[in-house]
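Topology and contacts: notes
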Amino acid sequence: MASVSENEETNKGSMWELDQSLDQPMDEEAGRIRNMYKEKKSSVILVTRLAFQSLGIVFGDLGTSPLYVFYNTFPHGIDDPEDVIGALSLIIYTLTLIPLLKYVLIVLRANDNGQGGTFALYSLLCRHAKVHTIPNQHRTDEQLTTYSRHTFEENSLAAKVKRWLESHRYKKNALLILVLVGTCMAIGDGILTPVISVLSASGGIKVNHPKLSNDVVVLVAVVILIGLFSMQHLGTDRVGWLFAPVVLLWFLFIGSIGALNIWKYDSSVLRAFNPVYIFRYFRRGKRDSWISLGGIFLSITGTEALFADLSHFPVLAIQIAFTTIVFPCLLLAYIGQAAYLVGNRDHVSDAFYRAIPDSIYWPMFIVATAAAIIASQATISATFSIIKQALALGCFPKVKVVHTSKKFLGHIYIPDINWVLMIACIAVTVGFKNQSQIGNAYGTAVVIVMVVTTFLMIPIMLLVWRSHWLLVCIFTALSLLVELPYLSAVLFKIGQGGWVPLVIAATFLIIMYVWHYGTVKQYEFETHSKVSMAWILGLGPSLSLVRVPGIGFVYTELARGVPRIFSHFITNLPAIHSVVVFVCIKYLPVYTVPTEERFLVKRIGLKNFRMFRCVARYGYKDLHKKDDDFEKMLFDSLSLFVRLESMMEGYTDSEYSLPTQQTGMSLTDLTTMENSNERPLSSNVDISYASSYDLIHPAQSQGSSLLRSSDQTNGATDDELAFLNKCKEAGVVHILGNTIVRARRESTLIKRIAIDYIYALLRKICRDDSVIFNLPHESLLNVGHIVYI
């Protein structure tokens, strides 16, 4: 019995070795194409141009906050002029600590090669620690030019944090949920920003027409919102050129009017730069002052868009625009409003418009309305970028993504999300009609995004930047010292509109988490049920199948192994194409995969099997354009592999000659080849053996034999390439798995609802890979199978 068991273990080990020999990782192929890509640097003129454009895309939201901050801070009026000074002091230091110091100087540096947002931070962490919950990454992916990461010393703090994050699955899930919460709140921000900005600007009509019905204001806001979302298909580049001059004019207007009001009304408000007035403000008002923080916080709403919109503009462009124009003009605007309010406390509900000189009121109203429309663009663009990142990392259903610029890869438009945002914006506008309640909801969404960003920056600073723990503590303490009081203040107002972003975020969180959970479980099922190479070899030299002329591309989630749908297909129909290519489309936690490094091709099994594997790798910024011929790219990659394979074999045979011995193919030979990093090419091959001194001596052979060997190699390559072209002319078929995912009978009720209803519905309405990659409809073949998870 013991000997039988021992033999079984030996056979099992042999089968595993056989699998490894015939279906090896693509380390060699990845190494050949490494460092073929270099990132282009932006010129000074281009950075200046992008800094100007960023005004229209990034800063509109932050720039229009003066429209509604003081009204939401004092919704019941101002009792003491000193309260205005205290609120102004809070605004000044909040603007300095959060947008300027935290985001512009620190958080923007935590970008993933120019990509911002919570998912960009998550992708950075996934590269520096094994926290990605979809285990489809391989060491060959780390050889990408854009796959930058650091190594750590064994006993360093970064290494300890890395081991702590990787130690348990619940820590990875907790990190993912934190990222999803921040993402969902950012999407809620994308709904609420257009509402409050447009409604606040439309309210200016009532200043000169106080008897005008509020329903008219709401109607005007709805019309503006419809027009705004209808323009999104034009793209960020065109919209940026259209909006940037208006926003620049807006900032110059509010800065100039603010400076005029300081000189005209009360220059003593400049004492608000003394932080002692913050302390006096809280001591005087206590609970009311604390709750008013929700209104003061609106002065920095739109700051989170600075980071999320990095995919549209470089860091330097945003830093230049903020420090030279946005920050000084905002300070002047708030100080000027405070100077006006000190002597006109009854006008707090419309202080912005009341403080405008009569001679420029209507021009300013037009600019304010235009700026409010533009303000919405910042969070709409950020929402598109965030959802594109989530989609690529397996956390959002597949939706159509349109690339709107030939010059900039990050300029995108998502039609489905655009119309969902528009409907939600109209619903909130019509449902509330109250600027104060919408402001409460808006503040809740933004402050949660900021707190999530602060917590994600902790592992970023430790693992990616390798900062000293003391600096990490200082950054975290200062950030939370400002953000937690604001969070507590907005939570007081959940019943007054603050529940809206929570409902929006909860809806998107359920969608994203269920989709990600179903994707992970389906991948795990595919991994565990893949077909071994031993089973393929058991079919015989020609796979015991009828080989039909043509090429069959079999799509699978697996980067190694033969997918289950292939065995299911040939079991029911014992025929397959003359050339079979297993195509794995894989998304990596990098912002882009250069075209030169996108495709990896490897031969599977023996050469006469004519089976290959092609891994197509994409980053979360990469898009599949309509004019891309994915089928042609696959075939070109296959042909290139055959040529490179021949060149490598020809180089080895001609440069060095080793004593050879004719043998038959055996399991021992395969194992020997695996250990020596060689690959079997046919059922009977020449296996080379050499002593140590043979390895360093050039071949002592005649030039004619070298030429003859080279001619033979070229002839074999030409024959195989001709065969591939002949198969292509015979026809190409794309074989996709039509997977139906079901929960097991013993699953809990929550799991059955999540998988059988929510996940099934999402799969039904999302786009297929055939549509995303523009595969010819007449060449598709779906193989149906059911997966129980």
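Cut-offs applied
Residues numbered from 1 in each chain as written. Predicted model: local features only at pLDDT ≥ 70, side-chain atom pairs only at ≥ 80, totals over all residues. Heavy atoms only, no water. Helix = DSSP H or I, 4+ residues; strand = E, 2+ residues; numbered from the N terminus. Contact = heavy atoms within 4.5 Å. Areas by Shrake-Rupley, 256 points an atom, 1.4 Å probe, with all protein chains shown as cover. Disulfide = S-S within 2.5 Å. Buried < 20%, exposed > 50% of the residue type's maximum accessible area, 1.4 Å probe, protein only. Pairing = 2+ DSSP bridges. Salt bridge = Lys/Arg side-chain N within 4 Å of Asp/Glu carboxyl O. Phe/Tyr/Trp six-rings, centres within 6.5 Å; stacked < 30°, edge-to-face > 60°. Polar contact = N/O pair within 3.5 Å; in protein donor to acceptor, adjacent residues only side chain to side chain. Core = buried A, V, L, I, M, F, W, Y, C linked by side-chain atoms within 4.5 Å. Axes fitted to C-alpha atoms, helices over the stretch in contact; angles between N-to-C directions. Parallel < 35°, antiparallel > 145°, perpendicular 65-115°, else oblique. Nonpolar A, V, L, I, M, F, W, Y, C, P; charged D, E, K, R; others polar. Left-handed = near helix turned anticlockwise from the far one by under 90°. pLDDT = per-residue confidence, 0-100. Patch = residues over 30% accessible without salt bridge, like charges linked within 9 Å, V, L, I, M, F, W, Y side chains within 5 Å.

1. Focus on the overall build of the protein chain
The helix and strand tally for the protein chain stands at 30 helices and 10 strands. Look at the contacts in the protein chain between residues 6 or more apart in sequence, and 85% of them connect residues 24 or more apart. Accessible surface for the protein chain amounts to roughly 34,400 Å². Of this, 59% is attributable to carbon and sulfur atoms.

2. Some remarks on unusual backbone geometry
Even without being a glycine, R466 presents a positive backbone phi close to 55°. Structurally, the position occupied by R466 is in the loop between α21 (435–464) and α22 (469–491).

3. A look at the state of the cysteines
By definition, a disulfide is the covalent link that joins the sulfur atoms of two cysteine residues. Counted by the stated rule, this structure contains zero disulfides. Free cysteine: C614, not disulfide-bonded; nearest cysteine sulfur from C584 at 9.2 Å.

4. Regarding the pairing of strand β6 (residues 611–618)
Among the eight residues of β6, eight are classified as buried, and the element is accordingly described as predominantly covered. A two-sided burial pattern is seen for β6, the buried positions comprising M611, R613, V615 and R617 on one face and F612, C614, A616 and Y618 on the other. In terms of strand pairing, strand β4 (residues 575–587) meets β6 through eight bridges, oriented parallel. Across the sheet, residue K586 finds its bridge partner in β6, namely R617. Between strand β5 (residues 599–604) and β6, which follow one another and run antiparallel, lie six residues, and G605 among them has a positive phi close to 75°.

5. Observations regarding the pattern of salt bridges
Under the criterion given, the structure shown has eight salt bridges. Taking the shortest distance from any N to any O, the salt bridge between K162 and E166 comes out at 2.9 Å. Taken together, the residues span about one helical turn, with K162 and E166 both in helix α8 (residues 157–166) at a distance of four residues. Residue class for E166 comes out partly exposed when judged on its relative accessible area of 22%. One network of salt bridges, with partners in common, ties together R169, K521 and E524.

6. Brief notes about the packing of aromatic side chains
Evaluated as defined, the whole model comprises 18 aromatic pairs. Geometrically, the ring pair formed by F59 and F322 is tilted, given 6.1 Å between the ring centres and 35° between the ring planes. Remark: F322 occurs in helix α17 (residues 315–343) and F59 occurs in the loop between α3 (44–57) and α4 (60–63); sequence separation between them is 263 residues. Pair check on accessibility: F59 and F322 agree, each one buried. Seen in terms of ring centroids, Y281 and F282 are 5.7 Å apart; in terms of plane orientation they differ by 65°. Their pairing is edge-to-face. Looking at Y281, the relative accessible area reads 2%, which means it is buried.

7. Structural notes on the side chain of R603
Secondary-structure assignment places R603 in strand β5. A distance of 3.2 Å separates a polar atom in the side chain of R603 from a polar atom in the side chain of E720.

8. Comments concerning the nonpolar core
Among the nonpolar cores identified, the biggest contains 170 residues, and F59, F119, W250, F251, F352, Y353 and F396 are the most heavily contacted of them. Apart from residues lying up to four places away in sequence, W250 is in contact with G63, T64, L67, F352, M364, V367, A368 and A371. Counting residues in hydrophobic clusters, the runner-up holds 31 residues, among them A120, A392, F553 and Y555.

9. Let's talk about the packing of helix α7 (residues 118–128) against helix α9 (residues 169–202)
For any two helices packed against each other, the geometry is given by the interaxial angle and the distance between the axes. The N-to-C vectors of α7 and α9 enclose an angle of 160°; their axes lie 9 Å apart at closest approach. When the axes of α7 and α9 are compared, the pair comes out roughly antiparallel. Note on element contacts: α9 touches α7 through L175, L176, V179, L180, G182 and T183, opposite T118, F119, Y122 and L125. A class-by-class count of the residues in the contact of α7 with α9 yields seven nonpolar, three polar and no charged.

10. Here's the deal with the sheet that holds strand β9 (residues 732–742)
The mixed open sheet is built from six strands, whose spatial order is β5-β6-β4-β3-β9-β10. A single partner strand is all that each edge strand has here, and the edge strands are β5 and β10 (780–788). For this sheet the average axis-to-axis angle between neighbouring strands, irrespective of direction, equals 25°. The sheet contact formed by β9 and β10 spans nine bridges and is parallel. Within the sheet, the bridge partner assigned to N738 lies in β10 and is G784.

11. With respect to the packing of α9 against helix α23 (residues 499–528)
Viewed as axis vectors pointing N to C, α9 and α23 meet at an angle of 135°, and their least axial separation amounts to 8 Å. It follows from the interaxial angle that α9 and α23 lie oblique. The hand of the α9/α23 crossing is right-handed. For the pair formed by α9 and α23, the contact residues are R169, L176, I177, L180, V181, T183, C184, M185, I187, G188, I191 and L192 on the first element and V500, P501, L502, I504, A505, F508, L509, M512, Y513, H516, V520 and E524 on the second.

12. Some words on the pairing of strand β3 (residues 546–556)
Bridge analysis of β3 against β4 gives nine bridges, and the strand direction is parallel. Along β4, the bridge assignment pairs Y555 with V583. Sheet analysis places β3 next to β9, joined by four bridges and oriented parallel. If you follow I551 over to β9, its bridge partner there is V732.

13. Describing the confidence of the model for the protein chain
Per-residue confidence for the protein chain gives a mean pLDDT of 76; residues scoring 70 or more make up 78%. In the predicted structure, residues 1–12 sits below a pLDDT of 50 and forms zero contacts with residues beyond four places in sequence or in another chain. In the model, residues 27–40 has pLDDT below 50 throughout and makes 34 contacts with residues more than four positions away in sequence or in other chains.

14. Describing a nonpolar patch on the surface
There is a patch of nonpolar side chains on the surface, built from L157, W469, L470, L471, I474, L478 and L481 and spanning about 720 Å² of accessible area. In terms of residues, the nonpolar patch owes the most to one element, α22, which gives six residues. Structurally, L470 is set in helix α22.

15. Considering the environment of V181
As for its position among the elements, V181 is in helix α9. Measuring from C-alpha to C-alpha, the distance between V181 and F508 comes to 9.0 Å, with 327 residues separating the pair along the chain. Once residues lying within four places of it in the same chain are set aside, the contact partners of V181 are I448, V452 and L509.

16. Thoughts on the environment of C614
With respect to the element layout, C614 can be found in strand β6. The sequence separation of C614 and V554 amounts to 60 residues, and the corresponding C-alpha distance is 9.9 Å. Apart from residues no more than four positions distant in its own chain, C614 is found in contact with V581, F582, V583, C584, F599, L600, V601 and L634.

17. Here's the deal with the environment of W164
Structurally, W164 is set in helix α8. With 35 residues separating them along the chain, W164 and A129 place their C-alpha atoms 9.8 Å apart.

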